[in-house]
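# Chains, contacts and geometry: an overview
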There are 4 protein chains.
Amino acid sequence: MVQERNKGAEKRERILQSAIKVFARKGFYNTRVSEIARTAGVADGTIYLYFKNKDDILISLFNDRIGKLNDEMERQLAALDSPSEKVKRIVSIQLGLLRGHKDLAEVITINLRQSNRFLKQYAAPGFNRYLDIIAAVIQEGQQSGDFRQDVSPRVAACSLFGALDGLSLTWVLGTRDADRLARAGQQVSHIFIEGLRAPETTGT
Amino acid sequence: MVQERNKGAEKRERILQSAIKVFARKGFYNTRVSEIARTAGVADGTIYLYFKNKDDILISLFNDRIGKLNDEMERQLAALDSPSEKVKRIVSIQLGLLRGHKDLAEVITINLRQSNRFLKQYAAPGFNRYLDIIAAVIQEGQQSGDFRQDVSPRVAACSLFGALDGLSLTWVLGTRDADRLARAGQQVSHIFIEGLRAPETTGT
Amino acid sequence: MVQERNKGAEKRERILQSAIKVFARKGFYNTRVSEIARTAGVADGTIYLYFKNKDDILISLFNDRIGKLNDEMERQLAALDSPSEKVKRIVSIQLGLLRGHKDLAEVITINLRQSNRFLKQYAAPGFNRYLDIIAAVIQEGQQSGDFRQDVSPRVAACSLFGALDGLSLTWVLGTRDADRLARAGQQVSHIFIEGLRAPETTGT
Amino acid sequence: MVQERNKGAEKRERILQSAIKVFARKGFYNTRVSEIARTAGVADGTIYLYFKNKDDILISLFNDRIGKLNDEMERQLAALDSPSEKVKRIVSIQLGLLRGHKDLAEVITINLRQSNRFLKQYAAPGFNRYLDIIAAVIQEGQQSGDFRQDVSPRVAACSLFGALDGLSLTWVLGTRDADRLARAGQQVSHIFIEGLRAPETTGT
DNA sequence: TATGAATGAGTATTCATTCAT
DNA sequence: CATGAATGAATACTCATTCAT
């Protein structure tokens, strides 16, 4: 029975993998459910045993993956001490998605923004947790005196996420050179760490 | 005859305005051409006297508006001297879009990313010019000694655009409080200006 | 004023000529009224000053031309004496259409058969007069003793018309070699003249 | 499984039957795909499981039926000896179509000539085989000395087909009296057999 | 669970026709 | 008479979803 459940989970996973691949290539609205099915090696109808409808595939996909990403992010950040190290790690993880999971990154960067209904209703929770994790790092840095106090952690988090997303976007549209992306990441880390650094409290 | 030409242009403009409104509300793929027509007060067929097809509406809309935005941006930046003032102005113009042209901003932030084909093939030129304008400001700052040299102007430009786009995204999804957005803008300006500032070359 | 009326008639004629050309190339249903207008060098709306609608163009065209053809046929046949000479002339006139008025012939052979409604309601009168002219020749030959009596003139007329139409069809679809068509015509004349010849009434 | 395959074929056949009926009544261009579907008792979309598009229905229909007709023709002619008997059989089979398969005959006689593109590209092969079968009979008659040699078998075939098609056309447009058609057929047979008869080689 | 044939609602686009100029 | 911009009805075809097997 465990085996059977695994079997089902494995099929669900195969469908998600195929969906990522096809969504990345064609975009959500230009993707046919039958193509996901064909790519996954299942019948059209089988999709509907695992997902409510086509929208649900995108939503499940996003929530599933962002969840794993958030978990991984928290795990890695917990192992680091300095706020600037944590910022660097955030940068490398978010940009690293593009290397290891190019299709997934493309789906998240591009396809997820189909409509704000989509974003608001379904993607918001996972996305907010992502931003919260980053904001927590900023806040921690503020409390430790590393980062200046006059910047809202949330604003900093959105900006950092956005800056990396902007880089991802131009990278996806452009050269797709991995080294170039890594260097860009270092520069962004630098901008934010310096930009957030608490002024030298001279005296006392 | 001038009047007649104006009439045609005015009708085209009305269609674009309506498209912005409806795209913003429903998203590109959930927008019916007939709804754009109804909103513009023209017949369905009339749309096709001014645009090749539905895609062409979105493309024309983006290129038309980004062109005007770029022009305005260049005009305003030319009137400023200090690089940091220019960065602040970039921030206020990009975020200002959300106030004055909420629907347009929503279309650009959300709807344009329908497929990377869309982005790559049609939106890239106008978008690149936008990034070039920002990059030029950064470079200028580097030459004047205000900004550090070890950051690629292009990377900085993408990051700044992205940071503001990230703010826009969360703002659109969230409270939509104008003051809050203005304050966030100031903080981002601060992060980037400080983050880009050339280190004090103390002494000689 | 006569000039003006001529002007109008001339424009109507130009539209008909253009219609023949475009119908022949594209077929009735694949022809756009606007293309006829463009070919004729008039505005779309002008067409409707001379014809009730698109159907009316085809109907007018057919009736106008078949009328002229019938007139010409009668004129030429009247100048001949022997029934077999007349049959030969019918053959050469009908097939001659393909040489001198290729497009017109194509429209009549192919496009006119769009629907039997078309044929029954509008084309029938002119077509029937055409068949009547041929039938009259047969009957005349029967009365003169040249042709056998046991064939209905009408049936012979339909068959002769059809035989030539069949030749036209394969010719239009095939080589389009003019000489070959002329030789074929002679053979058809022969078949019909011999096939219709009254048996030698030997003796008495 | 055989049953399942039959089921599919049976549905395809039902669609073709309905198409014949509706095409005959309304003409190809005035036929709605949805009406074919309704007549066949299937959903609109089902049509597209069996045919590429509307054109493909007409093409398939013609090729399917002309193929069967050609087969039947060859079978029956093989059982006959004398060339004139064979000519008579050709006549009765072609005209017989109008009795047994009135709608089909109407589609072939009238609707198929929508455009020469249609005819040339798709209908030509089946139509040519039909003409070849007739031409072979003529040639056989020439070799046996029954028919004169100075008529091209192909020309005779086109003419015979055309004569019968002409009869069909006027019959479809007119009285539709079956007996009258049968008598007309006998007369056409007569014309062609006599018209093709080899001259009496008197002497020796 | 899995299938895939069948469904039928849904829509971009065309084009004959009109009518204000 | 002539124009051609505007109209809006009309329709082939697609594709997410269902359900009998």
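Since this is a predicted model, take the numbers as computed values, not measurements.

Here is what the cut-offs are and how they apply
Residues numbered from 1 in each chain as written. Chains lettered and ligands numbered in written order. Predicted model: local features only at pLDDT ≥ 70, side-chain atom pairs only at ≥ 80, totals over all residues. Heavy atoms only, no water. Least-squares fit on C-alpha atoms with pLDDT ≥ 70 in both. Contact = heavy atoms within 4.5 Å. Phe/Tyr/Trp six-rings, centres within 6.5 Å; stacked < 30°, edge-to-face > 60°. Helix = DSSP H or I, 4+ residues; strand = E, 2+ residues; numbered from the N terminus. Lys NZ or Arg CZ within 6 Å of the ring centre and 35° of its normal. Near = heavy atom within 4 Å. Polar contact = N/O pair within 3.5 Å; in protein donor to acceptor, adjacent residues only side chain to side chain. Nonpolar A, V, L, I, M, F, W, Y, C, P; charged D, E, K, R; others polar. Axes fitted to C-alpha atoms, helices over the stretch in contact; angles between N-to-C directions. Parallel < 35°, antiparallel > 145°, perpendicular 65-115°, else oblique. Left-handed = near helix turned anticlockwise from the far one by under 90°. Salt bridge = Lys/Arg side-chain N within 4 Å of Asp/Glu carboxyl O. Buried area = accessible area lost by both parts, 1.4 Å probe. Buried < 20%, exposed > 50% of the residue type's maximum accessible area, 1.4 Å probe, protein only. Domains from an automatic or database assignment.

## So, the relation of the copies chain C and chain D
With an RMSD of 0.1 Å, the operation that places chain C on chain D is a rotation of 180° combined with a shift of 0.0 Å along the axis. The operation mapping one copy onto its partner corresponds to a two-fold rotation axis. The share of interface residues of chain C whose copies in chain D are also at the interface is 100%, consistent with both copies meeting through the same surface.

## Considerations on the packing of aromatic side chains
One pass over the full model with this rule turns up 20 aromatic pairs over all chains. Taking 5.5 Å as the distance between ring centres and 75° as the angle between the ring planes, the aromatic pair formed by C:Phe192 and D:Phe192 counts as edge-to-face. Of this pair, C:Phe192 sits in helix α9 (residues 178–196) while D:Phe192 is found in helix α9 (residues 178–196), placing the two residues in two different chains. Looking at A:Lys54, its charged tip hangs above the ring of A:Phe28, at a distance of 4.6 Å from the centre.

## Looking at the protein's contact with DNA strand F
Near DNA strand F there are 29 residues, and of these B:Thr46, C:Lys11, C:Thr46, C:Tyr50 and D:Arg32 occur at the shortest range. Among the atoms of DNA strand F close to the protein, meaning within 4 Å, 74% are from sugar or phosphate groups. One of the backbone nitrogen or oxygen atoms of B:Gly45 is found 3.2 Å away from a base nitrogen of DNA strand F. A distance of 2.7 Å separates a phosphate oxygen of DNA strand F from a polar side-chain atom of C:Lys11. Counting residues per element, the ones that place at least two in the surface near DNA strand F are α3 (44–50) of chain A, α3 (44–50) of chain B, α3 (44–50) of chain C together with α3 (44–50) of chain D. Considered class by class, the residues forming the surface near DNA strand F number 12 nonpolar, 10 polar and 7 charged.

## Focus: the packing of helix α4 (residues 54–78) of chain D against helix α5 (residues 83–100) of chain D
Residue and element names in this part refer to chain D. Across the interface, α4 lies against α5 with an axial gap of 10 Å and an inter-helix angle of 150°. Put simply, α4 runs roughly antiparallel to α5. Of the two possible hands of crossing, α4 and α5 adopt the one that is right-handed. Note on element contacts: α5 touches α4 through Lys86, Arg89, Ile90, Ile93 and Leu97, opposite Leu69, Met73, Gln76 and Leu77. Here the residues of the contact of α4 with α5 sort into 6 nonpolar, 1 polar and 2 charged.

## Considerations on the arrangement of the chains
Looking at chain A next to chain C, you find no contact at all, with the nearest C-alpha pair sitting 31 Å apart. Over all C-alpha pairs, chain A and chain D never come within contact, reaching a minimum spacing of 15 Å.

## Notes on the interface of chain A and chain B
Residue-level contacts link 44 residues of chain A with 45 residues of chain B. Viewed at the interface, chain B and chain A are joined by 1 salt bridge. Of the charged contacts, one joins A:Arg113 and B:Asp165 as a salt bridge, the two residues approaching to 3.1 Å between their closest N and O atoms. Counting across the interface, chain A meets chain B through 8 residue pairs in polar contact (both at pLDDT 80 or more). Residue assignment for the side of chain A that touches chain B shows that the elements contributing at least two residues are α6 (102–111), α7 (116–143), α8 (153–173) and α9 (178–196) of chain A. Sorting elements by how many residues they give to the side of chain A that touches chain B places α8(A) first, with 14 residues. A per-class count over the side of chain A that touches chain B returns 21 nonpolar, 15 polar and 8 charged.

## As for the interface of chain C and chain D
At the interface, 44 residues of chain C touch 45 residues of chain D. Approximately 3,600 Å² of surface area, both sides summed, lies buried where chain C meets chain D, with 64% of it carried by carbon and sulfur atoms. Broken down residue by residue, the surface that chain C buries against chain D is led by C:Arg113, C:Leu173 and C:Ile191, which jointly contribute 19%. Taken together, the links from chain C to chain D amount to 1 salt bridge.

## Quick look at the protein's contact with DNA strand E
Neighbouring DNA strand E are 28 residues, the closest being A:Thr46, A:Tyr50, B:Arg32, D:Thr46 and D:Tyr50. What you see for DNA strand E is that sugar and phosphate hold 74% of its atoms within 4 Å of the protein. Contact between DNA strand E and A:Gly45: a base nitrogen at 3.2 Å from a main-chain N or O atom of the residue. A distance of 3.1 Å separates a phosphate oxygen of DNA strand E from a polar side-chain atom of D:Lys11. Looking at the surface near DNA strand E, the elements with two or more residues in it are α3 of chain A, α3 of chain B, α3 of chain C together with α3 of chain D. For the surface near DNA strand E, the residue count by class is 12 nonpolar, 10 polar and 6 charged.

## Things to note about the pattern of salt bridges
Applying the stated criterion to the full structure yields 64 salt bridges over all chains. For A:Asp132, the salt bridge identified is with A:Arg154, shortest N-O distance 2.9 Å. Highlighted residues: A:Asp132 in helix α7 and A:Arg154 in helix α8, separated in sequence by 22 residues. According to the relative accessible area criterion, A:Asp132 is partly exposed, its value standing at 42%. Using a relative accessible area of 30% as the deciding quantity, one classes A:Arg154 as partly exposed. As a salt-bridge pair, B:Arg176 and B:Glu106 come within 3.5 Å of each other at their nearest N and O atoms. Here B:Glu106 lies in helix α6 (residues 102–111) and B:Arg176 lies in the loop between α8 (153–173) and α9 (178–196), a separation of 70 residues in the sequence.

## Thoughts on the side chain of C:Thr31
Residue and element names in this part refer to chain C. Within the element layout of this structure, Thr31 appears in the loop between α1 (2–26) and α2 (33–40). Here Thr31 falls in the buried class, since its relative accessible area comes to 0%. Of the polar contacts made by the side chain of Thr31, one reaches the backbone oxygen of Gly27; its length is 2.7 Å. Not counting chain neighbours up to four residues away, the residues in contact with Thr31 comprise Val22, Phe23, Lys26, Ile36 and Lys54.

## Looking at the domain arrangement of chain A
All names here are of chain A. What the domain assignment lists for chain A is domain 1 (1–51) and domain 2 (54–196). Here the C-alpha centre of domain 2 lies 27 Å away from the C-alpha centre of domain 1. Tallying the contact residues gives 18 residues for domain 1 and 16 residues for domain 2. Here domain 1 packs against domain 2, burying approximately 1,600 Å² in sum over the two surfaces, 68% of which is carbon and sulfur. Our enumeration of links across domain 1 and domain 2 arrives at 1 salt bridge. Here Arg65 makes a salt bridge to Glu13, at a shortest N to O gap of 2.9 Å. The tally of links from domain 1 across to domain 2 stands at 5 residue pairs in polar contact (both at pLDDT 80 or more). Looking at the side of domain 1 that touches domain 2, the elements that each hand over two or more residues are α1 (2–26) and α2 (33–40).

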